[in-house]
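Each chain is listed here by its residues.
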Amino acid sequence: MQQTKWTVAALSLGMLFAVTGCASDSADRAGEADVQPKVSTVSDVANSTTATGDETNSTAASQQDGAAAASSVKQPVLYNTHLAPKVYGMRKFPYPYEAMLAISSDADSETLRKFNLVHEFINTTQMTPLGRGLGLDFADSFFMYNGNNEPGYVDIDQEPMSDELSYFKGVSDEPYAASVINHYIHVGWIDTMHTYGDFSRVNPHQTLFTRQLAKQAIQALKANGDAITVWTDHGNKSNVDNFGDYGKSPFYSYQQGANPWSKYYHTDLTIPYGIRFVWPDSSSDEFGMKSMIYPLMLPDGQRVWGFWRYTNEGYTKKGDPEWNWTPFNLAEQLTPAHFAQIEREHEYSIVAQHLSGTNYPGVLPTSAVDALRLLAAQYHEGKILVTRTSIVDLQCNPAVCLV
């Protein structure tokens, strides 16, 4: 009966660790003696039970006869359930990964053709015009409106800027790509609002943004059950709905979205809607960090998490960022040296990009495709967990997990 009780306890404890195990596989093996203290010798069993005189004599008489048999019979592993298990702590990243990375791509010049081609290649494992899909968890950004009057084209066949992918047509209340964007939000291929829209103008002192557009956007998103937690600032000074770096320097005075005295104020609507993480139009040449987020208080007193993105490779002598966030520079971002760094230091990385920023049929140049294949290899080999911007931000949130 005593042996049966120990065996049941062993199974129960084994199931507990199978369900709740947080330590790495190597830590589990190294700590096996600590979490499984054995009571398997005759003296241990004698100390854990009370034997009568008859039982003692019977045991002594049978020890010699059973010595040979005991050497050939495997004894069950017994556990002392009176000792608390040793807890080694949570892994920083899900096993077996040593780092975590997201590509945060801005929606500039995005069309449905380019969106589909890029995501079929990165997200699926199907055969695509760019080759076999990579099977990575990548989520994009989107615009609610398009108020851009800059010259140029957004896609092949001289497709005009007015065809840039957006939820509404122009700055109206007429749905344009609303059903498509809604679908991709729900399946996880979109997780970031790249401001309320592309309001970049030839004259940066003009804008088509209004507070009413913010109200309309939130009403539409809520009505369709579209939950977005990540916001990234966009564009030139016509994009007055930006708000992350207002007050940081005179340059950022155009960012009026969180200024409660401005007619462009909207964060009293945007933050309660669900935006929790904000990229405030800031630059960084650090590929990996121990944590990507930091507390950010807005001018109206509301608090959100600011987050960093890797946007440039160094700075000029004047202090201007040397941006490298186009598909033509992707191979300079996703390098073996950068991968080795974040794996060695156990870091997070959010890589800023504009994956739909080109206007030729393949969208992504060969160098970008090769760089993405290198990243996919790191993921499939269990080294770098590639996932969405919203998930990396959430993992870096001290209120949610350890960093």
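Keep in mind the model is a prediction, meaning the values are calculated, not measured.

1. A word on the overall build of the protein chain
Consideration 1: Check the secondary structure of the protein chain and you find 13 helices and 17 strands.
Consideration 2: Relative to its 403 residues, the protein chain shows a buried fraction of 46%.
Consideration 3: Here the contacts in the protein chain between residues at least 6 apart in sequence split such that 73% fall between residues at least 24 apart.
Consideration 4: On the protein chain, roughly 19,600 Å² of surface is accessible, and the fraction owed to carbon and sulfur atoms is 55%.

2. Overview of the packing of aromatic side chains
Think of a pair of aromatic rings as described by two things: how far the centres are apart, and how the planes are tilted against each other in angle.
Consideration 1: Applying the stated criterion across every chain yields a total of 19 aromatic pairs.
Consideration 2: Consider the rings of Y97 and Y379, whose centres lie 5.7 Å apart with planes at 5°: the pair is stacked. Placement of Y97 in the loop between helix 5 (53-72) and strand 1 (99-105) and of Y379 in helix 12 (residues 366-380) is noted, with a sequence separation of 282 residues between them.
Consideration 3: The class of Y379 is partly exposed, set by a relative accessible area of 21%.
Consideration 4: Seen from their ring centres, F209 and Y264 are 6.3 Å apart, and the 45° between their planes marks the pair as tilted. Placement of the pair is F209 in the loop between strand 9 (197-198) and helix 8 (211-223) and Y264 in the loop between strand 10 (230-232) and helix 9 (267-273), with a sequence separation of 55 residues.
Consideration 5: Relative accessible area serves as the criterion here: at 2%, F209 is assigned to the buried category.
Consideration 6: For Y264, a relative accessible area of 18% gives the class buried.
Consideration 7: Linked through ring pairs, Y145, Y167, F168, Y196, F199, F209, W231, F243 and Y264 together constitute an aromatic cluster.
Consideration 8: Taking NZ or CZ as reference, K169 lies 4.5 Å from the ring centre of Y176, over its face.

3. A short note on helix 11 (residues 336-345)
Consideration 1: Those residues of helix 11 lying buried are H338, F339, I342 and E343. Projection of helix 11 onto a plane perpendicular to its axis shows the buried side chains occupying an angular sector of 130°, all on one side. Those residues of helix 11 that are exposed and angled more than 90 degrees off the buried face are P336, A337 and R344.
Consideration 2: On its buried side, helix 11 packs onto strand 1, strand 14 (312-315), helix 10 (330-333), strand 16 (348-353), helix 12 and strand 17 (384-386).
Consideration 3: Looking one or two residues past helix 11, H346 carries a phi angle of roughly 55°, positive in sign.

4. As for the sheet that holds strand 11 (residues 277-279)
Two orientations exist for strands paired in a sheet by backbone hydrogen bonds: parallel and antiparallel.
Consideration 1: Taken together, the 6 strands give an open sheet; going across it, the order is 4-8-10-11-13-12, and neighbouring strands pair in mixed fashion. Pairing within the sheet leaves two strands with one partner each, and these edge strands are strand 4 (140-142) and strand 12 (293-297). Averaged over neighbouring strand pairs, the angle between their axes works out to 40° when direction is ignored.

5. Details of helix 7 (residues 178-187)
Consideration 1: Those residues of helix 7 lying buried are A178, I181, N182, Y184 and I185.
Consideration 2: In this fold, the buried residues of helix 7 make contact with helix 6 (112-123), strand 4 and strand 8 (190-193).
Consideration 3: Immediately downstream of helix 7, the backbone of G188 shows phi near 90°, a positive value.

6. Brief notes about the environment of T326
Consideration 1: Of note, T326 is situated in the loop between strand 15 (321-323) and helix 10.
Consideration 2: As for T326 and D106, which are separated by 220 residues in sequence, their C-alpha atoms are 10.0 Å apart.

7. Re the packing of helix 11 against helix 12
Consideration 1: In contact at an axis separation of 11 Å, helix 11 and helix 12 are set at 30° when each is read in the N-to-C sense. By the criterion of interaxial angle, the relationship of helix 11 to helix 12 is roughly parallel. For helix 11 against helix 12, the interelement crossing comes out right-handed. Counting all contacts with helix 11, which are made through P336, F339 and E343, the residues of helix 12 involved are L374, L375 and Q378.
Consideration 2: Partitioning the contact of helix 11 with helix 12 into residue classes produces 4 nonpolar, 1 polar and 1 charged.

8. What about the pattern of salt bridges?
Consideration 1: Enumeration over the complete set of coordinates arrives at 8 salt bridges.
Consideration 2: Here D106 and R309 are joined by a salt bridge, their closest N and O atoms 3.0 Å apart. You can see D106 sitting in the loop between strand 1 and helix 6 and its partner R309 sitting in the loop between strand 13 (303-307) and strand 14, a full 203 residues away along the chain. With respect to class, D106 is no different from R309; both count as buried.

9. A look at unusual backbone geometry
Consideration 1: The omega torsion of the bond from Y95 to P96 falls at 5°, within 30 degrees of zero and hence cis.
Consideration 2: Even without being glycine, S109 reaches a positive phi, approximately 60°.
Consideration 3: Tracing the backbone shows S109 in the loop between strand 1 and helix 6.
Consideration 4: For T195, which is not glycine, the phi dihedral falls at a positive 60°.
Consideration 5: Inspection of the secondary structure assignment puts T195 in the loop between strand 8 and strand 9.

10. Regarding the confidence of the model for the protein chain
Consideration 1: Here the protein chain shows a mean pLDDT of 84. Residues at 70 or above account for 79%.
Consideration 2: Counted against residues more than four places away or in other chains, residues 1-62, with its pLDDT under 50, gives 48 contacts.

11. Describing the sheet that holds strand 16
Consideration 1: The 3 strands lie next to each other as 16-1-17, forming an open sheet whose pairing is parallel. Edge strands, defined here as strands with exactly one partner in the open sheet, are strand 16 and strand 17. With strand direction ignored, the average angle separating the axes of adjacent strands in the sheet is 25°.
Consideration 2: Summarising the sheet, strand 1 and strand 17 pair through 3 bridges and their orientation is parallel. For A99, the partnering residue across the bridge sits in strand 17 and is I384.

Thresholds applied
Residues numbered from 1 in each chain as written. Predicted model: local features only at pLDDT ≥ 70, side-chain atom pairs only at ≥ 80, totals over all residues. Heavy atoms only, no water. Helix = DSSP H or I, 4+ residues; strand = E, 2+ residues; numbered from the N terminus. Buried < 20%, exposed > 50% of the residue type's maximum accessible area, 1.4 Å probe, protein only. Contact = heavy atoms within 4.5 Å. Areas by Shrake-Rupley, 256 points an atom, 1.4 Å probe, with all protein chains shown as cover. Phe/Tyr/Trp six-rings, centres within 6.5 Å; stacked < 30°, edge-to-face > 60°. Lys NZ or Arg CZ within 6 Å of the ring centre and 35° of its normal. Arc of directions from axis to C-beta. Pairing = 2+ DSSP bridges. Axes fitted to C-alpha atoms, helices over the stretch in contact; angles between N-to-C directions. Parallel < 35°, antiparallel > 145°, perpendicular 65-115°, else oblique. Left-handed = near helix turned anticlockwise from the far one by under 90°. Nonpolar A, V, L, I, M, F, W, Y, C, P; charged D, E, K, R; others polar. Salt bridge = Lys/Arg side-chain N within 4 Å of Asp/Glu carboxyl O. pLDDT = per-residue confidence, 0-100.

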